[in-house]
Every structure is written in C-alpha cells, then in structure tokens.
Amino acid sequence: MEKCLLFFFIFPICLFSQTGATTLNVDTQKYNQIELSVLEGAVYDVKTLGEDPYVFIKPLSHNLIKENNQLSFEYFCPTGLDHIEVYFYPLGEQVKSVMVGDIGSTEGWVLFRMDLSEYVGEWGKAGDFLRLDFGTAPALNIQIRNLELRAMSARELDIQSNKEAKKQQELNFENNLRFYLDKEFPNSISNVLVTNDKVKLVGEISKTKNYYIAEIDVHENGTELEKFEFLEPIKSKNGHFDVEVNRYVKRNGYKQDRLLSKWMIVEKQDNQYKGVSHARYTDSVVPKYRYPFVKPATKKGLGGYSINRAAPYTDLDSLGITSVTVNIMINRFFRSSPSPQNMSFEYMGETYYVDKKEIDRQDKTFLSTAARNIEVSAILLVDKASKSLDKKIGAILEHPDCDPSGIYTMPNLTTPKGVRYYAAVLDFLANRYMRPDKKYGRIHHWIIHNEVDAGWVWTNAGEKTALVFMDIYHKSMRMSHNIARKYNPNSKVFITLTHYWNWTSNPHFYHSKELLEQLLQYSKSEGDFEWAIAQHPYPESLREPKTWLDKKVSFDFNTKLITFKNLEVLDAWVKQPEVLFKGQKKRLVYLSENGTNSPTYSAQDLKEQAAGMAYAMKKLKFLDGIDGFQYHNWQDNRKEGGLRIGLRRFPDDKEDPSGIKPVWKVYQAFGTEKEAEVYDQYKEIIGIDHWDEIHHKVPIK
C-alpha cells in the first residue's frame, strides 16, 4: 500500500460546478463504524461510531477525464477532523491511498478540495471507486454535499502560480507594518476635526524645516508609498502646528471626501519624502443630526432578524426584544446601471443605483423595529463577484486576493474605484437609515462583516497573516465608522469574532485575542475610535448544549475559547485600562450571535437546550461589561448543518411547524418576575443547588 501526504485547500461555499465535472455518490449500503443518513438536498449526514469510520463511493460509470483530478465536496463540521484518507479501488482491489491532515472546523458550509492529479490516469476507469475515511475519532458529526471530481478553475490556477510572489510581497509589507506600529515617533498629529467644508489638523513637531502634512488615501498603504498626492508645508509655533485644508478634493477623476483620508507628517530629504509620524484618521466629524445615545432597556435581543422570516414578528413583543441584528448583503441590492427596476442616489456628485424591490423589503424590516424603538445593528456582508446578481458591482467590490473559498469577500479597498463604490453604498445606508424621522426605519450600529477571525470563510482576502489581514479590515472599520458618524455621533462599529480566543481548530483562522490586540495597537498609533466588540460565545461544540461541560476553557486571558462557561473572561478583558476607549470609557460589548442546540426534538434534548440557555443568561445577568445578547437563531434553519439552535422549530417541521421550544420560554422569562419559576427547573440538569454556584468569583488575569 502506497501512502503520501498532499497539501490541500479548504474553500467555503463553493465555486461553481465545473463543466464536465464528474458527480460522485456515496454508497449508502457500504460503510463502516458510521451512522449514515441522506438528508434533504442530497446531504450525507455522517456520525462516526469508532476509530475506523469510512464510506464507499459508488463506482465510476465511465472513464474519468484526466483533467477532473480535483476531489471536492462541501462540508459542515464544527469540530473538524484529524484527517481524511482516500483509498483508490480498481474493481474492488485496493491499490493505494492518500491522506490529508487537519481538516479545519467550520460552522458554515465549506468546500474541501484535494489534488489527486498524481493518481488520476492510472486510476479512473469505469468501475473504479473510492473509499473516504473520516479520521480516527468516534462521536463526530460531519455533513457533506456536492461530492465531485472536477478540473481546477482558472482562478485556482492563478492563485497557485502567483502564491510565492504574493507571499514574499506581503512578508515585506508585514515587516514594514510592524516597524511602523512599534516605532515611537518624535512628531505627532494629535487631532483631526472634519467640519462641513474643512479638515483641521493640529499636532506637534520636533523640527521647524522640511516638514509637510501628507495625505494617504484609503486605497494606499502609507508604509509603502514613495510619493504623495498631496503635501502641505507645516508652519509651527513653539513646536505646535495647525493646518486647515478643504474637505473635498477632485482626485482620480472624481470628487473625494477627505473624511476618509488619513494624514501623516513627512520630512523632505533629497527630493524624497519620509514618514516621521504615525498617520492619523479623522477623530471627529460635525454630524448632520444630533440625537442622544439611548441604551436598550434590557440585554435581550434577537440575531439575524428580518420581517420576512417564517416566525411571527410579534415575537419581538412577546419575548421583550430590545435589540436585533440584521444582515445586509450589499451586492443583493447595489446595481451598476439605471433601469426601471432601480432607483438612483447621489454620492460625491456621482450617480449610483439600487434595486427598488430589495430596498423596499429592507425598509419593511427596519420600519418594524423602529416602530418598537428596537436598537438595530446592521451586519455588512459583501458577496463574491461569482455570487453577485450584478457582476459589475461584484467585480468592483470583491477584494483582488479573494480566494474562491470564501463565502463572502473582504471589500476591495485597494483601488480608488473600489473605495468610491464602497463609500457610496455605506453613505446610502447611513443617510437612509439614520434620519431622525425614521422614515425608512433606523440603523444604530454597524457590525463590520462576520466572524473575521474566521475571515477565510466569512471575509476572504486570500491567504494573509493576521497583521496584514487586520490592516485591510481596519480600513473597512474606519470607513464605516467615519461615514456613520457623519449622521449619528453615537453610532458604533463592531469587530465580530467567533468563540475561539487564543486557539483555533482551523489552520486558516486567526486568534480573536491577537486581532483585538492588533486593533488596539492601530487605535493607539493612528488615533482611537469608539469601536465595539461583537462576540459569539457559543458552547465549545455547537451541537452540545451542556456548556458547563466545556473543556477548552479557563478563567484567564489566555483561555483557548470564550464560551458561556467562562464569559467572565470577556467581561474582565474589556474593562482593562488599556482596552478602554481613550483610556476612559468601556467599549460596548454585544454577544451578537449565540444560542444552544437541541440535537433532536426529544423531550430530553429540548430540556438540555433550555438548561444551557438558562445557564448562559444567569451568567450574563451579573456581568456589567457585557451590554447585550442577540439570540441566534430565531427558528431552526435547514441550512445550518443539522443544528437546531432556534427558539422555534423548523418552519416545515411535520409535528409542530415553527413551534415554540422550551428555550423560547427561558428567553422570554429572563429579567421578568417569572425568571425563577422558569429557570429553577433546570438546576438539576446542570447539577447545582443554587445559581450562585455557576459564577467565577476569582479575579481574571
């Protein structure tokens, strides 16, 4: 038996089915140490029962095209696998196998691709078949779909051919970033104020000659610039300076709002300009509207809300919801040209277009929450070009390094055009949904993309180190923040993170703690802004509701995970002096996507789901560093890999469509006079006599 280890790629939801791809089907009669079932949509649900779990693939019906040498399938597996091994069989006689290790966890549908080119040719005749081995651990659950053998796409080939050159380029960039962020400069811009027509900068310099204010556009990397589009000589008095420039400028063929620029002090040396300070973004902008920040009356919210969901929106009242998150897929409504179906809007003297029906649908959601004075945090998501209805918009907004793997892309902030379109759509949303009269509803805060520590899946910008990724993401946060603050001086932008903290089970993911520390460093170097945290502290396993059993948690700042069991860690981390906004104000923290699962609808599973949520809410109640909790999901969703984390059953459940689960009543009772009556029945399941037993009382370090 011949074995070798191949490198592979993992790709969240899929490319597209290649022309001529060979569809593969699992033989549902031949498998080992597995519980196998076929779900709706040709999804194979695999539960491992021992240390040698495997399935057979039905034999090829025809000779395989040699180019179809990539084995791929989409999978959903929150725990991940230690490896997958593929055995090749010609007419039933085993000849060789290929093993790949470290199959990363995923909480969305992810495409696994494995290169079999070394073997296709000798193997691949009609009648040949494969065996797939799913690691060596029992009690794991993986779902797979769209199993096929296909050719590599042009994009995959391009990424592969340019991989080494891109890696070296970004290594140089990262070294420059680290030097820049770590350096203590003798000069500084201490404040940038943007008024209706001016940008006013003040600061301190150590010399009186050859110093200039330089402007850095969003699409530019200040550490890599050899020349600057705009330079203004600095005239100082006793080392202090005050520079004023026009807010708007025409550059790159269009009018530009310098609200989005950052500014740096540079020194002229032999006709070259060298940065001698950290750059500084806008600190404050004179807003169009002035209305006070209103904190929600309770911590109780709902995630992924839409008025178009099957669940009755009267749940907002019945559950006492005071905040929600709403997904905004920018490419779903942004359009590149006029048509009878589109309406126009203006930004910086240019005309842009949005789909009328999509905006009307969006308005109804925001009007339904505004009518109840419910706070809304909008989750901004950017579709890849391949998934965009308007391919021109998709191509403009997709990050140029986006791997086909990503479910969503990082916005393209590398070109003036990409920045312009992204700014235009952000301004459209802020202008429409931050009006005092709530004509179209209201958005209060902005969650910038989704679970960016798992950016490879949810905010793809290609293979990047954590710091290079953060540099890109930080630009998106700053743009969103500054545009929102044009209209609402209290609006916050949130960084969004999974329950992984100082560890991850997927080699493509980043550590949440590291990203937060880098964001703090950017804030210290380039001017602090009032960003907030949207954490998703699910139980260790999304399938297991008994979060008090979590193992990969500790009560210190280096814990592997932050789950419901150790929420005290997040509460303590955000209260540290170095984390406070400008050293004075605690940052807003929302648990913006989290819930507990009922593996089935059996009475015991439903009780354990409810017990897990009672445990979480009793923790949350006494943690004043955590400001809100948005439960996910409102109702069970067939597209979530077999999870049942909803407050209600599946809309198409045969016994009780969209029926209320016991967890719904737990969530409803939180903070009411019925809390003790509803919650106390779950103490026995948790294994406690008093709720006080679940709280960690030792200081977190």
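Q: So what about the sheet that holds strand S27 (residues 342–347)? Which residues, and what values?
A: Strand order in the open sheet made by the three strands is S26-S28-S27, with antiparallel pairing throughout. The outermost strands of the open sheet, each flanked by one partner alone, are strand S26 (334–335) and S27. Here six bridges tie S27 to strand S28 (residues 350–355), and the two strands are oriented antiparallel to one another. What sits directly across from Met 343, in S28, is Val 354.

Q: Please give an account of the environment of Ile 700 that cites residues and values.
A: Position of Ile 700 among the secondary structure elements: in the segment after helix H14 (683–686). Put simply, Ile 700 and Asn 238 are 462 residues apart on the chain and 46 Å apart in space, counted from C-alpha to C-alpha. Discounting residues that sit within four places of it in the chain, Ile 700 has contacts with Phe 555, Asp 556, Phe 557, Glu 568, Val 569 and Ala 572.

Q: So what's going on with the confidence of the model for the chain? Which residues, and what values?
A: Of all residues in the chain, 96% attain a pLDDT of 70 or more, and the chain-wide mean is 92. With pLDDT under 50 throughout, residues 1–19 is counted as low confidence; its partners more than four residues away or in other chains account for 82 contacts.

Q: Account for the sheet that holds strand S13 (residues 188–194), with residues named and values stated.
A: Spatial ordering of the open sheet is given by S17-S18-S14-S13-S23, a layout of five strands whose pairing is mixed. Each of the sheet's edge strands pairs with one partner strand only, and the pair in question is strand S17 (236–237) and strand S23 (284–285). Across two bridges, S17 lies against strand S18 (residues 240–246) in antiparallel orientation. Of the residues in S18, the one forming a bridge with Lys 237 is His 240.

Q: Tell me what's going on with the packing of aromatic side chains, and back it up with residues and numbers.
A: Applying the stated rule across the entire model yields 34 aromatic pairs. Note on Phe 333 and Phe 428: the rings are 6.3 Å apart at their centroids and 40 degrees apart in plane angle, and the pair reads as tilted. Residue Phe 333 is found in helix H3 (residues 330–333), and its partner Phe 428 is found in helix H6 (residues 416–433); the two are separated by 95 residues along the sequence. Each member of the pair Phe 333 and Phe 428 is classed as buried. Considering the side-chain rings of Tyr 679 and Trp 691, the 6.4 Å spacing of their centres and the 65 degrees angle between planes classify their relative orientation as edge-to-face. Remark: Trp 691 occurs in the segment after H14 and Tyr 679 occurs in helix H13 (residues 675–679); sequence separation between them is twelve residues. Here Tyr 679 falls in the buried class, since its relative accessible area comes to 0%. Its relative accessible area of 10% is what places Trp 691 among the buried residues.

Q: Which residues make up the environment of Val 324, and what are the values?
A: Tracing the backbone through its elements, the reader meets Val 324 in strand S25 (residues 323–329). Here Val 324 falls in the buried class, since its relative accessible area comes to 0%. With residues up to four places along the chain from it excluded, the contact list for Val 324 reads Leu 302, Tyr 305, Leu 316, Thr 369, Ile 374, Glu 375, Val 376, Ser 377 and Gln 630.

Q: Tell me about the layout of surface pockets, residues and numbers included.
A: In this structure, the second largest pocket occupies an estimated 530 Å³ of space. Forming the walls of the second largest pocket are 22 residues, and the residues nearest its centre are Lys 166, Glu 170, Gly 462, Glu 463 and Lys 464. A total of eleven residues in the lining of the second largest pocket trace back to one element, the largest contributor, which is helix H1 (residues 154–182). Counted by class, the lining of the second largest pocket contains six nonpolar, four polar and twelve charged residues.

Q: Give me the pattern of salt bridges: which residues, what numbers.
A: Following the criterion strictly, the structure yields 50 salt bridges and no others. Arg 435 is the salt-bridge partner of Asp 437, the closest N and O atoms lying 2.7 Å from each other. It is possible to trace a salt-bridge network through shared partners that takes in Arg 113, Glu 148, Arg 150 and Glu 156.

Q: Can you explain the pairing of S18? Please cite residues and give values.
A: Here strand S14 (residues 198–204) runs beside S18; their pairing, made up of seven bridges, is antiparallel. Paired with Glu 204 across the bridge in S18 is His 240. A loop of two residues connects S17 with S18, the two strands running antiparallel in sequence, and Asn 238 in this loop sits at a positive phi of about 55 degrees.

Procedures and definitions
- Residues numbered from 1 in each chain as written.
- Predicted model: local features only at pLDDT ≥ 70, side-chain atom pairs only at ≥ 80, totals over all residues.
- Heavy atoms only, no water.
- Pairing = 2+ DSSP bridges.
- Helix = DSSP H or I, 4+ residues; strand = E, 2+ residues; numbered from the N terminus.
- Contact = heavy atoms within 4.5 Å.
- pLDDT = per-residue confidence, 0-100.
- Phe/Tyr/Trp six-rings, centres within 6.5 Å; stacked < 30°, edge-to-face > 60°.
- Buried < 20%, exposed > 50% of the residue type's maximum accessible area, 1.4 Å probe, protein only.
- 1 Å grid on protein atoms, 1.4 Å probe; cavity = no way out; pocket = protein on both sides within 12 Å on 5 of 7 lines; lining within 4 Å.
- Points joined across faces, edges and corners; volume = space filled by probe spheres on them.
- Nonpolar A, V, L, I, M, F, W, Y, C, P; charged D, E, K, R; others polar.
- Salt bridge = Lys/Arg side-chain N within 4 Å of Asp/Glu carboxyl O.

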